[in-house]
Amino acid sequence: LLFDQASKMASLDDVVIVCAVRTPLCRARKGGLKDVPASTLLTTVLKETLVRTTLDGKDVDDICVGNVLAPPSGAAAWRMSALVAGFPDTTSLSTVNRQCSSGLQAVANIANAIQSGDIQIGIGCGVESMTQTPMHKMKPPEVDWSLMQTSKEAMECLTPMGITSENVVKEYGLGRRALDQFAVTSHQKAARAQRLGKFDAEIVPVGSVRKDDGLRAGTSMEILSKLKPVFDEKGVTTAGNSSQTTDGAAAVVLMTRREALKRQLTIMGVWRGYAVKGVPPRIMGVGPAVAIPAVLEKCNVKVSDVGVYEINEAFASQATWCVSDLMIPIEKVNPNGGAIALGHPLGCTGARQIATLLHEMHREKHRFGVVSMCIGTGMGAAALIEVEPRSSI
């Protein structure tokens, strides 16, 4: 089906987004949310979805929570968060961990459940406190090492993320200066967006914390050039051209178009497609370059048809290479900054990107938008969202 006929082919069974909110994104261990439990972050965004949609909690059939770092008890914490937020025990809940795409996968799981007719209304969300559960405390997987060591690629799933960045740099001949410039631009765009109030509508405060606190308006090439490589002393990946560790949560409410019309809710966007693709674990950062074409092909949409791309900036290396490989005009990519400036709370990021994307699409009157990210162990994920011409928020 060609989306140039979308206005004529709108179906009552379409999966639509009626609300997308997030907390501020704050620096792990140092920022405004360092003392706030992840469960409270999740409760905050879940409560806000009920306020903004005027839904009764009992109307929501299912909630899916993306999270990466919490221990297994996190599943209980998220269920408790939902109950405290105003959802009754009849609203079910699951958790999902597809690493850096967990928040987006949670939304996709809810969209798929709606498309299949299993549910009518659901919430896909993501949460991470990288203060509470920092990455460096992750334990190695419990496996039969004698078996795993028979596969070079299996062992490469354990490659530290920073080394995968350096592998991309070596594989594609990337230079330090271009990566630092990408990082500087991310901070500049985010600082400008914050100054102009572009994030205000998507953010729900957590107590007195109302703004993202990781971005640095004064970041410059001179400052970044002085930083030493973190993962390889001869490398080019630094703290300055990598994503920040961050605390945050986000939530996205989805339902059928039929339900949205019946409830007279504003349709922020239409969920058009989703794709996940595998790539070599040692260069996991190239994932978006494979996943984005896959979802666009599914939906019969060209790269040039998309008005804005939210591509997670895990590292400037992989983000710049993916953009270049897909020949996406750089002005279409992360127009309000990305994870280098705003931060990357792992399980939250995908859902957060949807909130940022939709508000930007409405401001700038873009029809198609893409959310994408690379995924540890070697994958990429991407979703296509449409904002219909008659829609406004």
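Residues numbered from 1 in each chain as written. Predicted model: local features only at pLDDT ≥ 70, side-chain atom pairs only at ≥ 80, totals over all residues. Heavy atoms only, no water.

## A few points about the overall build of the protein
So the rule is basically this: Going along the chain from the N terminus, every DSSP run of H or I of four or more residues is numbered as a helix, and every run of E of two or more is numbered as a strand. Only protein chains enter the area calculation, which uses a 1.4 Å probe; residues under 20% of their type maximum are buried, those over 50% are exposed, and those in between are partly exposed. Every residue pair with non-hydrogen atoms within 4.5 Å of one another is taken to be in contact. Working definition of accessibility: Shrake-Rupley area with a 1.4 Å probe, residue cover restricted to the visible protein chains. When charges are tallied, Lys and Arg are placed among the positive residues and Asp and Glu among the negative ones, while His and the ends of the chain are skipped. Lysine's charge is taken at NZ, arginine's at CZ, aspartate's at CG and glutamate's at CD.
Along its length, the protein carries 14 helices and ten strands. Projected onto its principal axes, the C-alpha coordinates of the protein cover approximately 60 × 45 × 45 Å. Out of the 393 residues in the protein, the part that is buried amounts to 58%. In the protein, once contacts between residues fewer than 6 apart in sequence are set aside, the share between residues at least 24 apart is 82%. Surface summary for the protein: the accessible area is close to 16,100 Å², and the carbon and sulfur share equals 53%. On the protein, the mean spot of the 42 positive side-chain charges and the mean spot of the 38 negative ones are 5 Å from each other.

## Quick notes on the pattern of salt bridges
Note on pairing: side chains with opposite charge can pair once their charged atoms come close. Just so we agree on the cut-off: Any carboxyl oxygen of Asp or Glu that lies within 4 Å of a side-chain nitrogen of Lys or Arg is treated as forming a salt bridge with it.
Counting across every chain of the model gives 22 salt bridges. With its nearest N and O atoms 3.3 Å apart, the salt bridge here joins Lys 262 to Glu 259. Residue Lys 262 and its partner Glu 259 are located together in helix α10 (residues 257-262), separated by three residues, close to a single helical turn. Of the residues examined, Lys 262 reaches a relative accessible area of 58% and is grouped as exposed. Across the salt bridge formed by Glu 360 and Arg 363, the nearest N and O atoms sit 2.8 Å from each other. A residue pair is termed a helical-turn pair when its members lie 3 or 4 positions apart in one helix, as Glu 360 and Arg 363 do in helix α14 (residues 349-364) at three residues. Looking at Glu 360, the relative accessible area reads 5%, which means it is buried. Overlapping salt bridges bring together Asp 14, Arg 257, Arg 272, Arg 367, Glu 386 and Glu 388 as one network.

## Quick word on the environment of Leu 326
Mapped onto the secondary structure, Leu 326 falls in helix α12 (residues 316-326). Filtering out sequence-adjacent residues up to four positions away, Leu 326 remains in contact with Pro 288, Ala 289, Ile 292, Pro 293 and Val 303.

## Looking at helix α11 (residues 287-299)
We apply this condition: Any helix carries an expected span of 1.5 Å times its number of residues minus one.
Between the first and last C-alpha of α11 there are 19 Å, a value that for 13 residues agrees with the 18 Å anticipated at 1.5 Å per step. Of all the residues in α11, the buried ones are Gly 287, Pro 288, Ala 289, Ala 291, Ile 292, Ala 294, Val 295, Leu 296 and Cys 299. Elements that come into contact with the buried residues of α11 comprise β7 (269-278), β8 (308-311), α12, β9 (368-375) and β10 (379-386). Note on α11: the residue one or two positions beyond its end, Asn 300, has a positive phi of about 60°.

## Description of the packing of α11 against α12
Packed helix pairs are characterised by how far apart their axes lie and by the angle those axes make with each other. What counts here: Axis definition: a line fitted to C-alpha atoms, over the contacting stretch in the case of helices. Angles run 0 to 180 degrees between N-to-C directions. Orientation is classified from the angle alone, with under 35 degrees giving roughly parallel, over 145 giving roughly antiparallel, 65 to 115 giving roughly perpendicular, and any other angle giving oblique. In this scheme, a crossing is called left-handed if the near helix is turned counterclockwise away from the far one by less than a right angle; it is called right-handed if the turn is clockwise. Amino acids outside the nonpolar list (Ala, Val, Leu, Ile, Met, Phe, Trp, Tyr, Cys, Pro) and the charged list (Asp, Glu, Lys, Arg) are all regarded as polar, and Gly is one of them.
The N-to-C vectors of α11 and α12 enclose an angle of 40°; their axes lie 8 Å apart at closest approach. Judged by the inter-axis angle, α11 sits oblique to α12. The chirality of how α11 crosses α12 is right-handed. Here Pro 288, Ala 289, Ile 292 and Pro 293 of α11 lie close against α12, whose contacting residues are Gln 318, Trp 321, Cys 322, Asp 325 and Leu 326. Looking at the contact of α11 with α12 residue by residue, the classes come out as seven nonpolar, one polar and one charged.

## What about a nonpolar patch on the surface?
Using the following cut-off: Without a salt bridge and with relative accessible area above 30%, a residue can belong to a patch; like charges are then joined within 9 Å and nonpolar side chains (Val, Leu, Ile, Met, Phe, Trp, Tyr) within 5 Å.
A cluster of nonpolar side chains, contributed by Val 143, Trp 145, Leu 147, Met 148 and Leu 158, occupies part of the molecular surface with about 390 Å² of accessible area. Turning to its location among the elements, Met 148 is positioned in helix α5 (residues 145-148). On the basis of relative accessible area, Met 148 is assigned to the partly exposed category, the value being 30%.

## Here's the deal with the confidence of the model for the protein
Selection criterion: For every residue, the predictor states its confidence as a pLDDT score lying anywhere from 0 to 100.
Of all residues in the protein, 98% have pLDDT values of 70 or greater, and the mean over the chain is 96. Helix α1 (residues 6-9) is the least confidently modelled element of the protein, averaging 51 in pLDDT, while strand β6 (residues 246-256) averages 99, the highest of any element. Counted against residues more than four places away or in other chains, residues 1-8, with its pLDDT under 50, gives 18 contacts.

## Description of the packing of helix α2 (residues 38-53) against helix α3 (residues 74-85)
Running from N to C, α2 and α3 cross one another at 40°; their axes reach a closest spacing of 8 Å. With respect to α3, the axis of α2 lies oblique. Seen along the crossing, α2 lies across α3 with a hand that is right-handed. Listed contacts from α3 to Ala 38, Ser 39, Leu 42, Thr 43, Leu 46, Lys 47 and Leu 50 of α2 are Ala 77, Trp 78, Ser 81, Ala 82, Val 84 and Ala 85.

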